[in-house]
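Fold and geometry: a report
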Amino acid sequence: MIKNEYRFEAKKRDWLLLVRLFGEIDHHSAAYLREELDKLILKERPKRLVLDLSCIDFMDSAGLGLLLGRLRLMRDIGGVMALTRPNKGILQILRLSGMERFMEIDGEQAKGDR
């Protein structure tokens, strides 16, 4: 039996929305997360979205697409997005894909924002 366990927890404080993602981000989970995160972002309209990746064990290209899509949505509503606490494997994927050019990753400011 395949176990599809993906979810997130969200906390809002003032204009900050902190979302901790859990499990794996692949083709199947990305579709669910995309829909649910978009609903949450459009409802809360934060100025800053921080995605906590500390509980993500695996991410493929669908995960990168999920991140870029939420970045686009945040920009559309006038906000910014950052990623925090990726494990070493996820951080390597983020760096190899050039994500630090678009968003802050654990304190590394995006080159376009400097």
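Below or above, wherever it landed, is the structure these notes cover. Owing to the predicted nature of the structure, the values given are computational and were not obtained by experimental measurement.

Reading the values: rules and limits
Residues numbered from 1 in each chain as written. Predicted model: local features only at pLDDT ≥ 70, side-chain atom pairs only at ≥ 80, totals over all residues. Heavy atoms only, no water. Core = buried A, V, L, I, M, F, W, Y, C linked by side-chain atoms within 4.5 Å. Buried < 20%, exposed > 50% of the residue type's maximum accessible area, 1.4 Å probe, protein only. Helix = DSSP H or I, 4+ residues; strand = E, 2+ residues; numbered from the N terminus. Contact = heavy atoms within 4.5 Å. Pairing = 2+ DSSP bridges. Axes fitted to C-alpha atoms, helices over the stretch in contact; angles between N-to-C directions.

What follows deals with the nonpolar core. Ranked by size, the top nonpolar core spans 28 residues in total, and within it Met 81, Leu 83 and Leu 94 carry the most contacts. Broken down by secondary-structure element, the contributors of at least two residues to this core are β2 (16–25), α1 (27–44), β3 (48–59), α2 (61–76), β4 (80–84) and α3 (88–96). In terms of residue count, α2 provides more of this core than any other element does, six residues in total. For Met 81, the contacting residues outside a window of four places in its chain are Leu 49, Leu 51, Leu 67, Arg 70, Leu 71, Met 74, Met 103 and Glu 104.

This part takes up the sheet that holds strand β1 (residues 7–13). The sheet built from five strands is open, its strands ordered β1-β2-β3-β4-β5 with mixed pairing. Two strands bound the open sheet, and with one partner strand each, they are β1 and β5 (104–105). Inspection of the sheet shows β3 paired to β4 by five bridges, in the parallel sense. Bridge pairing in β4 links Arg 48 to Val 80. The sheet strands contacting α2 are β2, β3 and β4, and the helix crosses β3 at an angle near 175 degrees.

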